[in-house]
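For reference, the chains in residue letters:
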Amino acid sequence: MKTVVLVDDEQRMLDLLELYIKPHGYTCLKMKSGLEALQFLAREHADIVLLDVMMPEMDGWETCERIRAFSSIPIIMLTARDAAQEMVKGLKKGADDYITKPFHEDVLLARIEAVTRRVHNQDDSLTFRGLKLNESAYEAHYDTKTIPLTPKEFSLLCLFLKSPDQVYSRDHLLSTIWGFKTDTEDRTIDSHIRNIREKLRHAGFPADQHLKTVWGIGYKWSSVD
């Protein structure tokens with residue numbers, strides 16, 4: 001069964017989406033804020049996100065952009081707005097599709113199937129000099145060796161590999177991977193980075209050449225030796 005993350009601040013809409021989708025073989029996880037969805041997706045696997053645009057505190061566009069910073073999970077945005085510029089904005093933020101409310105049940109299901117089929121037929125692996133991350137399976141390998149990363153470690157490594165040579169501050173990593181409102185301290189980032197380096201070294205990958213500390217700022221993934 002595929003897992004769908006439903007994100008909407010209105011309980012009625014969450015219940016309606018579940019009513020439409022669940023009978024067709026989907027497990028539905030209902031979340032009432034973008035922050036809740038971010039925190040879940042940073043540590044757990046899902047197959048697709050249905051994301052409302054108009055939500056308080058963190059709207060769907062910002063939520064989409066922040067999910068896309070560390071995950072390639074398919075995202076369909078749902079909104080009552082049908083202006084072309086609104087659709088373009090969502091797609092530019094990283095959404096895979098855009099559906100306006102009200103929508104027909106059959107149309108929604110067809111769009112979900114089309115997006116998941118298109119995305120899952122693509123190679124969603126990240127590779128770097130023998131290091132390979134499979135985002136769908138949450139698996140990491142170096143040559144023939146499996147690297148046992150935790151979900152947070154996996155998300156951090158994906159973020160680095162997607163933007164090599166970009167420097168990330170600890171605050172940015174905390175807000176992106178753990179979510180905005182978190183009691184996690186900077187030293188937790190340092191601990192996760194240390195664990196990633198150790199696991200990469202154990203698999204034979206030259207971690208110290210690529211996962212670099214930028215003193216006084218944070219970390220980056222260097223694309224050069």
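Before reading further, recall that the structure is shown in the block above.
Residues numbered from 1 in each chain as written. Predicted model: local features only at pLDDT ≥ 70, side-chain atom pairs only at ≥ 80, totals over all residues. Heavy atoms only, no water.

**A closer look at the overall build of the protein chain**
Right, so step 1: Scanning the protein chain from N- to C-terminus turns up nine helices and 12 strands.
Right, so step 2: Principal-axis analysis of the C-alpha atoms places the extent of the protein chain at approximately 55 × 35 × 30 Å.
Right, so step 3: Counting all 225 residues of the protein chain, 47% fall into the buried class.
Right, so step 4: Pairs at least 24 apart in sequence give 58% of the contacts found in the protein chain among residues at least 6 apart. (Helix = DSSP H or I, 4+ residues; strand = E, 2+ residues; numbered from the N terminus. Buried < 20%, exposed > 50% of the residue type's maximum accessible area, 1.4 Å probe, protein only. Contact = heavy atoms within 4.5 Å.)

**Focus on helix 2 (residues 34-41)**
Right, so step 1: Counting buried residues in helix 2 gives six out of eight residues, a clear majority hidden from the surface.
Right, so step 2: Turning to helix 2, its buried residues number three or more, namely Gly 34, Leu 35, Ala 37, Leu 38, Phe 40 and Leu 41.
Right, so step 3: The secondary structure elements touched by the buried residues of helix 2 are strand 1 (2-7), strand 2 (26-31), strand 3 (48-52) and helix 3 (60-68).

**Observations regarding the packing of aromatic side chains**
Right, so step 1: Summed over the entire model, instances satisfying the criterion amount to seven aromatic pairs.
Right, so step 2: Between Phe 128 and Trp 221, the aromatic rings sit 5.5 Å apart at their centres with planes inclined by 85°, giving edge-to-face as the arrangement. Of this pair, Phe 128 sits in strand 6 (residues 125-128) while Trp 221 sits in strand 12 (residues 218-221); the two residues are 93 residues apart in sequence, bridging distant segments of the chain.
Right, so step 3: Relative accessible area serves as the criterion here: at 0%, Trp 221 is assigned to the buried category.
Right, so step 4: Ring plane angle 85° and centroid distance 5.2 Å describe the contact between Tyr 142 and Phe 205, whose orientation is recorded as edge-to-face. (Phe/Tyr/Trp six-rings, centres within 6.5 Å; stacked < 30°, edge-to-face > 60°.)

**Comments concerning helix 3**
Think of an α-helix as 3.6 residues a turn; residues three or four steps apart then line up on the same face.
Right, so step 1: Within the sequence span of helix 3, burial applies to Gly 60, Trp 61, Thr 63, Cys 64, Arg 66 and Ile 67.
Right, so step 2: Buried residues along helix 3 sit in contact with helix 2, strand 3, strand 4 (75-79), helix 4 (84-92) and helix 7 (170-178).

**Some details on the sheet that holds strand 4**
Right, so step 1: Read across the open sheet, the five strands follow the order 2-1-3-4-5; overall the sheet is parallel. The outermost strands of the open sheet, each flanked by one partner alone, are strand 2 and strand 5 (97-100). Strand-to-strand twist in this sheet, taken as the mean axis angle between neighbours without regard to direction, amounts to 20°.
Right, so step 2: Relative to strand 5, strand 4 runs parallel, the two being bridged by four bridges. The partner of Thr 79 across the bridge, within strand 5, is Thr 100. (Pairing = 2+ DSSP bridges. Axes fitted to C-alpha atoms, helices over the stretch in contact; angles between N-to-C directions.)

**Things to note about the nonpolar core**
Right, so step 1: Formed by 54 residues in total, the largest nonpolar core has its most connected members in Leu 41, Met 77, Leu 131, Leu 157, Phe 160, Leu 200 and Trp 221.
Right, so step 2: Of all the elements, helix 6 (residues 151-162) adds the most residues to this core, at seven residues.
Right, so step 3: Other than its neighbours up to four places away in sequence, Trp 221 contacts Phe 128, Leu 131, Leu 157, Phe 160, Leu 161, Pro 164, Asp 165, Gln 166, Leu 200, Phe 205, His 210 and Leu 211.
Right, so step 4: If you look at the next biggest cluster of nonpolar residues, it comprises 19 residues, including Tyr 20, Ile 21, Leu 78 and Phe 103. (Core = buried A, V, L, I, M, F, W, Y, C linked by side-chain atoms within 4.5 Å.)

**Section: the pairing of strand 2**
Right, so step 1: Relative to strand 2, strand 1 runs parallel, the two sharing six bridges. Its bridge partner being in strand 2, Thr 3 is matched across the sheet by Thr 27.
Right, so step 2: Read from strand 1 through helix 1 (residues 11-21) to strand 2, the crossover connection turns out right-handed. (Right-handed = clockwise from strand over helix to strand, strands pointing away.)

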